[in-house]
Amino acid sequence: MAASTPDPAPTPSPEPIPAAAPAAASVPATPVPTPPPGSIATPSLTEDALARLNAYGRKGILAATNSPLVAENVRKYGMRFGASRFVPGTTLDECIVALKDLNAKGLRVNTTILGEAVDNAEQAEGVVSEYRTVLDRLADERIDGNVALKLTHLGLKVDEDLAYTNVESLVAYAGERGLFIRMDMEDSPTVDATLRIYTRLRDAGHDNTGTVLQSYLYRTPDDLAALAPYRPNLRLVKGAYLEPESVAYPKKADVDAAYVSLAETMLRENRFTGIATHDERIIDQVIAFTRGAGIGSDRFEFQMLYGIRPQLQIDLVKRGYRVLVATPFGPDWYPFFMRRLAERPANVLFFAKNLIRP
Ligand SMILES: Cc1cc2nc3c(=O)[nH]c(=O)nc-3n(C[C@H](O)[C@H](O)[C@H](O)COP(=O)(O)OP(=O)(O)OC[C@H]3O[C@@H](n4cnc5c(N)ncnc54)[C@H](O)[C@@H]3O)c2cc1C
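Report follows, based on the coordinates. Being a predicted model, the structure only gives us computed values, none of them experimental. (Residues numbered from 1 in each chain as written. Predicted model: local features only at pLDDT ≥ 70, side-chain atom pairs only at ≥ 80, totals over all residues.)

**Let's talk about the site of the ligand**
Around the ligand sit 23 residues, and of these Asp 184, Val 237, Thr 277, His 278 and Glu 343 come closest. Within the residue set of the shell around the ligand, elements represented by two or more residues are strand 4 (209-214), strand 7 (300-305) and helix 11 (334-343). When residues in the shell around the ligand are grouped by element, the largest group, three residues, is from strand 7. Along the lines of polarity and charge, the residues of the shell around the ligand split into 10 nonpolar, six polar and seven charged. Domain assignment of the residues forming the shell around the ligand places at least three in each of domain 1 (39-87 + 333-358) and domain 2 (89-332). (Near = placed C-beta within 6 Å. Helix = DSSP H or I, 4+ residues; strand = E, 2+ residues; numbered from the N terminus. Nonpolar A, V, L, I, M, F, W, Y, C, P; charged D, E, K, R; others polar. Domains from an automatic or database assignment.)

**A look at the nonpolar core**
In terms of nonpolar packing, the biggest core is built from 78 residues, with Val 147, Val 167, Val 325 and Phe 337 touching the most fellow members. When residues in this core are grouped by element, the largest group, eight residues, is from helix 8 (residues 252-269). Split by domain, the residues of this core number at least three in each of domain 1 (39-87 + 333-358) and domain 2 (89-332). (Core = buried A, V, L, I, M, F, W, Y, C linked by C-beta atoms within 7 Å. Buried ≥ 20, exposed ≤ 12 C-beta atoms within 10 Å, placed from the backbone.)

**Details of the pairing of strand 6 (residues 272-276)**
In this sheet, strand 6 lies alongside strand 5 (residues 233-237) in parallel orientation, the contact comprising four bridges. Paired with Asn 233 across the bridge in strand 6 is Phe 272. The parallel pair strand 5 and strand 6 is bridged by helix 8, and the resulting crossover is right-handed. Two strands pair when backbone bridges link them, and strand 6 and strand 7 are joined in this way by four bridges, in the parallel orientation. (Pairing = 2+ DSSP bridges. Right-handed = clockwise from strand over helix to strand, strands pointing away.)

**Remarks on the environment of Leu 217**
Within the secondary structure, Leu 217 is located in the loop between strand 4 and helix 7 (220-227). Counting along the chain gives 31 residues from Leu 217 to Ala 248, while the straight-line C-alpha distance between them is 4.3 Å. In this view, Leu 217 contacts Ser 188, Gly 239, Val 247 and Ala 248; residues no more than four positions away in its chain are not counted. (Contact = placed C-beta atoms within 7 Å.)

**Topic: the sheet that holds strand 4**
Taken in spatial order, the eight strands close into a barrel running 1-2-3-4-5-6-7-8, and their pairing is parallel. Looking at each pair of strands side by side, their axes are set apart by 30° on average, direction ignored. Sheet analysis places strand 1 (residues 108-111) next to strand 2 (residues 145-149), joined by three bridges and oriented parallel. Paired with Asn 110 across the two strands is Asn 146, which belongs to strand 2. Helix-sheet contacts for helix 4 (residues 121-140) involve strand 1 and strand 2, and the interaxial angle to strand 2 is about 165°. Together, strand 7 and strand 8 (323-326) form the strand contacts of helix 10 (residues 310-318), whose direction differs from that of strand 8 by roughly 155°. (Axes fitted to C-alpha atoms, helices over the stretch in contact; angles between N-to-C directions.)

**A look at helix 6 (residues 191-203)**
Along an α-helix, residues three or four apart share an orientation, since each turn contains 3.6 residues. Relative to the 18 Å expected for 13 residues at 1.5 Å per residue, helix 6 spans 18 Å between its end C-alpha atoms, a close match to the ideal helical length. Among the residues making up helix 6, those that are buried are Val 191, Thr 194, Ile 197, Tyr 198 and Leu 201. Viewed end-on, helix 6 has its buried residues packed into an arc of 130°, placing them on one side of the element. Among the exposed residues of helix 6, those oriented more than 90 degrees off its buried face are Asp 192, Arg 196 and Asp 203. Contacts from the buried residues of helix 6 go to helix 5 (160-176), strand 3 (181-183) and strand 4. Just downstream of helix 6, Gly 205 is the residue with a positive phi angle, here 95°. (Expected span 1.5 Å × (residues − 1). Arc of directions from axis to C-beta.)

**So, the pairing of strand 1**
Residues Arg 108 and Asn 110 of strand 1 are buried on one face, and the alternating residues Val 109 and Thr 111, pointing to the opposite face, are buried as well. Pairing geometry for strand 1 and strand 8, over three bridges, is parallel. Within strand 8, the position partnered with Val 109 by the bridge is Val 325. Assessed by its sense of winding, the connection that carries the chain from strand 1 through helix 4 to strand 2 is right-handed.

Here it is as structure tokens:
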């Protein structure tokens, strides 16, 4: 299995991540440490212009997600013309086929029932019941994988205790089957509640659970420090939501620099770290850091999304690293798909090309 294979020789790192720009006035006191001097590079004009264009594209697509007209049209045509690249199917059966295929390639997996904020306790109970079925199938089919879910899908926007009760019952159910549940991190108003629910679960003795931190939020270094006594299992991401400058770095270069700095702390101190990114420069920096610090490949894994950089996923497995592919399913794929478009505005062209193709 990939996890036990010794570390391979590193490939040369293309370009290191530049240092974070000075934090804005509203940023809390904790500064984001900059990478060592040797790793600092100034982006070229073209890179800078591209980064700005992408940032505008990202904001525009995330803002358009709430437009009923956009939603109606993308929902109508999206699955046929692009969303299937990121979502292997709308049913659990279709998803299981994809999970087995990924496992056969040496990739670990997680799955998620697509869907977000529910409006009432009955809907949330329905989601809990669907997740029990997913957990049963993962166990019965001996899939090397786990579940990642959103607390708003389990009722967080209705009531925090409701979400806790629901996720606690699922974490216990998963534990009986030797499975793990990760709670995704959603938009910034949900971060406090998500972290409270995570620590409540751990205080109640549930170790088969983890959550996610986002490097774009100024608060994340403080959140990471507060979680240290738990020796948590955390996934680190850059962050996928439209956030105001008062809470999140507006510049991608700062988000990337914060990512590297947080990743190093997490890898050094946490029980397990999911390095969730498709950013090859960061992946190379993480590989170099773990080799230098003697951190074994059983203490971390790379995590990527289904359909994004599949060759890189396989290459990392071949080099002896653990790689998990997040593979969601379900009919409610619209917001998930829009976030994928926003991450890479060029995806919109891909989507548009498919729409006009005869
Ligand atoms: C396993 C996993 C779980 C996640 N969970 C969460 C979560 O709980 N909360 C949250 O806020 N965010 C989550 N995200 C999303 C994350 O925050 C980023 O939005 C996303 O990963 C894109 O950033 P990046 O790190 O890949 O780097 P980027 O700098 O955005 O991208 C680096 C390179 O990756 C490729 N790439 C990235 N995204 C795409 C795409 N959509 N289509 C095609 N190519 C792409 C491109 O080649 C790009 O140049 C998750 C991401 C992953 C991989």
